[in-house]
Amino acid sequence: MTDTAAHVLDPVGTAQGALVDTFGRTAKDLRISVTDRCNFRCVYCMPAEGMEFVPREELLSYEEISRLARLFVEDLGIESIRLTGGEPTVRRDLDRLVAMLAALRTPAGDPVEISLTTNGSALTRLAGRLRDAGLSRVNVSLDSLKRERFLAMTRRDAIDEVLAGIDAAVVAGLTPVKVNAVIVRGHNDDEIIDFATYARDRGVQIRFIEYMPLDASGSWSLEQVVSAVEVVSAINEVYPLEPVKHGAEPATRWRYADGLGEIGVIPSVTNPFCGDCDRVRLTAEGQFRTCLFALDELDLRHPLRSGATDADLAALVTKAVWGKWAGHRIGRVDFIRPNRSMSQIGG
Ligand code: SF4
């Protein structure tokens, strides 16, 4: 990390081609929300009646998204892109955008990893097309394996589509297929072992995510959080686990001692990983966020639509990342909820 010191001395904080903040972190992963709309109504994310969605004309077009993505990849050091929502597959012709992004190359000529976070309900229809367009892998959100509870948590009777979608992603080779389960105490914490068994049987990786205060109803409480430590110790009693060396990715990984795969736990609340954060975000209407919990954001849509050059946009983004805060403050007295819910930011 020695050269980071050099960066810190530069007034705008970054050597050419890197997005560095004052804590010496470098952004490498760009999360792009392609829509705030979703075909599910998960209780910890969106009210039953839905949200006030962004007017369509304010959503970035695929051409605008890919122009910004090209800038981030070719000029600002981004190496991986995750497409998110709302639910990204509800936006038409998503494979067209994937193809545009898959054509990007880093300055070293390397392809960019393109992944997708989805609720899985459209994967039986889309997995093959998305893979052919250049998608690398998928994360599928699944919060219950029980039909009635799935219905209660998502307000949709769609568990069959989602489970079939996960299988379709495996068959299509969008691997490793990661299944994300948000564990909420009193809602689905009795399914932790079922999720582990399901993932072992299907050859997918289960990721247990600590419940975060990004629900639209604002009813989140620390008591509802099932910690990563609780999850790991519960599984370890049934399927002995061994730790895997941790990288910059959010998940802490554990492999099964019997070699049948691994699990991940994302301890956003009880053991934040902000010190290694390499992620930045773009919302569906073109707001740039340096953090999931950021209280401010940079509007890129207006400059983009009023003739800003790539250099103008790069300077704006570089300055915003230089000002990135240390991390979220969940559980602290000075924690302030962002004025956006998860569906308006993207996972
Ligand atoms: S809370 Fe913000 S700073 Fe922390 S890991 Fe998430 S995006 Fe990064």
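About the cut-offs
- Residues numbered from 1 in each chain as written.
- Predicted model: local features only at pLDDT ≥ 70, side-chain atom pairs only at ≥ 80, totals over all residues.
- Heavy atoms only, no water.
- Helix = DSSP H or I, 4+ residues; strand = E, 2+ residues; numbered from the N terminus.
- Rg over C-alpha atoms; globule rule 2.2 N^0.38 Å.
- Areas by Shrake-Rupley, 256 points an atom, 1.4 Å probe, with all protein chains shown as cover.
- Lys, Arg positive; Asp, Glu negative; His and termini not counted.
- Charge placed at Lys NZ, Arg CZ, Asp CG, Glu CD.
- Salt bridge = Lys/Arg side-chain N within 4 Å of Asp/Glu carboxyl O.
- Buried < 20%, exposed > 50% of the residue type's maximum accessible area, 1.4 Å probe, protein only.
- Pairing = 2+ DSSP bridges.
- Contact = heavy atoms within 4.5 Å.
- Axes fitted to C-alpha atoms, helices over the stretch in contact; angles between N-to-C directions.
- Phe/Tyr/Trp six-rings, centres within 6.5 Å; stacked < 30°, edge-to-face > 60°.
- Lys NZ or Arg CZ within 6 Å of the ring centre and 35° of its normal.
- Arc of directions from axis to C-beta.
- 1 Å grid on protein atoms, 1.4 Å probe; cavity = no way out; pocket = protein on both sides within 12 Å on 5 of 7 lines; lining within 4 Å.
- Points joined across faces, edges and corners; volume = space filled by probe spheres on them.

Caption draft 1: Summary view of the overall build of the protein chain. Helix and strand counts for the protein chain come out as 10 helices and 12 strands. Computed over C-alpha atoms, the radius of gyration of the protein chain comes to 20 Å, within 12% of the 20 Å expected from 2.2 N^0.38 for 347 residues, which places it in the range of a compact globule. Here the C-alpha coordinates of the protein chain stretch approximately 55 × 40 × 40 Å along the principal axes. Carbon together with sulfur atoms contributes 53% to the accessible area of the protein chain, which is approximately 14,700 Å² in total. For the protein chain, the centre of its 41 positive side-chain charges and the centre of its 49 negative side-chain charges are spaced 2 Å apart.

Caption draft 2: The pattern of salt bridges, seen in detail. Counted according to the given criterion, the structure contains 28 salt bridges. For Arg 129, the salt bridge identified is with Asp 95, shortest N-O distance 3.4 Å. On the criterion of sequence distance, the pair formed by Arg 129 in helix 4 (residues 123-133) and Asp 95 in helix 3 (residues 94-102) is long-range, its members being 34 residues apart. A relative accessible area of 42% places Arg 129 in the partly exposed class. The network of salt bridges with common partners includes Arg 67, Arg 70, Glu 74 and Asp 310.

Caption draft 3: The sheet that holds strand 8 (residues 252-256), seen in detail. Here we have 12 strands laid out as an open sheet, ordered 7-8-9-6-5-4-3-2-1-10-11-12, and mixed in their pairing. Edge strands, defined here as strands with exactly one partner in the open sheet, are strand 7 (241-243) and strand 12 (298-299). Sheet analysis places strand 10 (residues 279-282) next to strand 11 (residues 287-289), joined by two bridges and oriented antiparallel. Across the sheet, Arg 281 pairs through a bridge with Arg 289, a residue of strand 11. Against the sheet, helix 8 (residues 228-238) touches strand 6 (205-210), strand 7, strand 8 and strand 9 (262-266), its axis set at about 160° to strand 9.

Caption draft 4: Expanded view of the packing of aromatic side chains. With the rule as written, the count across this model stands at six aromatic pairs. Taken together, a centroid distance of 5.8 Å and an interplanar angle of 80° make the contact between Tyr 239 and Tyr 256 edge-to-face. With Tyr 239 in the loop between helix 8 and strand 7 and Tyr 256 in strand 8, the pair connects residues that are 17 residues apart, well separated along the chain. A relative accessible area of 16% means that Tyr 239 is categorised as buried. The ring of Tyr 239 carries the charged tip of Arg 200 above its face, separated from the ring centre by 4.0 Å. The cationic tip of Arg 200 hangs over the ring face of Tyr 256; the distance from NZ or CZ to the ring centre is 4.5 Å.

Caption draft 5: Representation of helix 3 in the model. Three or more residues of helix 3 are buried, namely Leu 94, Leu 97, Val 98, Leu 101 and Ala 102. The buried residues of helix 3 occupy one face: seen down the axis, they fall within an arc of 135°. Lining the buried residues of helix 3 we find helix 2 (62-75), strand 2 (80-84), strand 3 (113-118) and helix 4.

Caption draft 6: Quick peek at empty space enclosed by the protein. Going through the model one piece at a time under the given rule, you end up with one cavity of 30 Å³ or more. In this structure, the largest cavity spans a volume of roughly 30 Å³. Taken together, Ile 183, Phe 208, Ile 209, Glu 210, Val 226, Ala 228, Val 231, Val 265 and Ile 266 make up the full set of residues lining the largest cavity. Among the elements of the structure, strand 6, helix 8 and strand 9 are those that each provide at least two residues to the lining of the largest cavity.

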